[in-house]
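A closer look at the structure
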Amino acid sequence: METLRSLTNENLVVACHDAGAANLIIYWLKQYKGIFFPCMEGPAKKIWAESFPNKKNYKLDDVLNRADTLLSGTGRFNYEHQARIRAKALGSKNIAVIDNWTNFKERFSRSDEELLPDLILVSDYYAKNMAIKCFPKIQIKEFENFYLKEQLELINLTRKIKPRIPANNILMVMGPTPDNIEFSSIDFFMSNLKKIGLSYNSIKIRLRIHPSEHIEKYNSVIIKYSGIEFEVITDNELFVDMAWADLVVGMFNYPMVVALNSKIPTMSIMPPKSIKCPLPHSEIIHLREL
């Protein structure tokens, strides 16, 4: 079986910022047989410390000139993009990881400055097919998603009862969007509870925020819906919240895919005037189509 080590040159530098790619990459690194230098910033830094508490996290400036290969995430922030630009200038091989199913081309451009990698890694067949269409001249490889595999095992071990219908425990998985539709999505869901057979008196809601967000962002939501059992979650492990949930709702977040794979009913709550949910998974229920 092809491994990450078989695709890299001798000295591997790993640059991650966002949580999505970091979760994939860190699980691959647990099996990596070779020299590598992790350079983790943002949410990825916390994930790294939890997974490799005794291994040093390097500054990119200190180790990039040693890189024969750069492995990087493709998140919204500039950290990984700038790392790819600098690695290219040094003649290093560039491997990038796409961790979900949206904005493929935009991941490699900032202010009209595009830098495409030599190789793209994905973790499921949906993303692989989309990447092949988007980047026909770049090699695309699919690696097993060990992070998802572990989450599903932990959810199954933690869950006490099967998801109830109608739902009692509702997990909202939210995150930042360019036009702040996370707030209109929450309002759209709350105003349409009757449509899915629910009411304020019958549900408990946990709003799980994205690792890049702060809890204060949702203060207005907590106040607006103070009449029901509504809490904002920041520190729970994902599998704990998934095992609690009877229904998972969100926009187009990766935890929605975790829920689908764990056989938890999963719903996109994006309002009618927003963009269509870009996740390709046919099992997702779309509230605006009900």
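Values in this document were obtained by computation on a predicted structure and should not be read as measured data.

When helices and strands are counted, the chain shows eleven helices and 14 strands. Computed over the C-alpha atoms, the radius of gyration of the chain is 20 Å, within 12% of the 19 Å expected from 2.2 N^0.38 for a compact globule of 290 residues. The dimensions of the chain, computed from C-alpha atoms along their principal axes, are 60 × 40 × 35 Å. Sorting the 290 residues of the chain into buried and exposed places 53% on the buried side.

Time to look at the pattern of salt bridges. Within this structure, the stated rule accounts for eleven salt bridges. In this structure, Lys-149 engages Glu-144 in a salt bridge whose closest nitrogen and oxygen atoms are separated by 3.9 Å.

Here we come to the pairing of strand E9 (residues 169-173). Judged by how many residues are buried, E9 sits mostly within the fold: five of five residues are covered. Every second residue of E9 is oriented toward a common face, with Asn-169, Leu-171 and Val-173 on one face and Ile-170 and Met-172 on the other, all of them buried.

Along an α-helix, residues three or four apart share an orientation, since each turn contains 3.6 residues. A rise of 1.5 Å per residue sets the reference length of helix H7 (residues 146-158), with its 13 residues, at 18 Å; its end C-alpha atoms lie 18 Å apart and thus fit the reference within 8%. Every buried residue of H7 is listed here: Tyr-147, Leu-148, Gln-151, Leu-152 and Ile-155. The arc that holds every buried residue of H7, seen down its axis, measures 130 degrees, which confines them to one face. Set apart from the buried face of H7 by more than 90 degrees, the exposed residues are Asn-156 and Leu-157. As for H7, its buried residues are in contact with helix H2 (19-29), helix H10 (238-244) and helix H11 (254-261). You can read the cap of H7 off the contacts: a side-chain oxygen lies 3.3 Å from the backbone nitrogen of Tyr-147, and it is on Asn-145.

Before going further, it helps to spend a moment on the sheet that holds strand E11 (residues 229-233). Overall, parallel pairing links the six strands, which are arranged E11-E10-E9-E12-E13-E14 in an open sheet. With partners counted over all chains shown, the strands left at the sheet margins are E11 and strand E14 (285-286), one partner each. Bridge count between strand E13 (residues 266-268) and E14: two bridges; the pairing is parallel. What sits directly across from Met-267, in E14, is Ile-285. Its contacts with the sheet place helix H8 (residues 181-190) against E9, strand E10 (204-208), strand E12 (247-250) and E13, and it is angled at close to 160 degrees to E9. Sitting on the sheet, H11 touches E9, E12 and E13, and the angle it makes with E13 is about 150 degrees.

Rules of the game
- Residues numbered from 1 in each chain as written.
- Predicted model: local features only at pLDDT ≥ 70, side-chain atom pairs only at ≥ 80, totals over all residues.
- Heavy atoms only, no water.
- Helix = DSSP H or I, 4+ residues; strand = E, 2+ residues; numbered from the N terminus.
- Rg over C-alpha atoms; globule rule 2.2 N^0.38 Å.
- Buried < 20%, exposed > 50% of the residue type's maximum accessible area, 1.4 Å probe, protein only.
- Salt bridge = Lys/Arg side-chain N within 4 Å of Asp/Glu carboxyl O.
- Expected span 1.5 Å × (residues − 1).
- Arc of directions from axis to C-beta.
- Contact = heavy atoms within 4.5 Å.
- Polar contact = N/O pair within 3.5 Å; in protein donor to acceptor, adjacent residues only side chain to side chain.
- Pairing = 2+ DSSP bridges.
- Axes fitted to C-alpha atoms, helices over the stretch in contact; angles between N-to-C directions.

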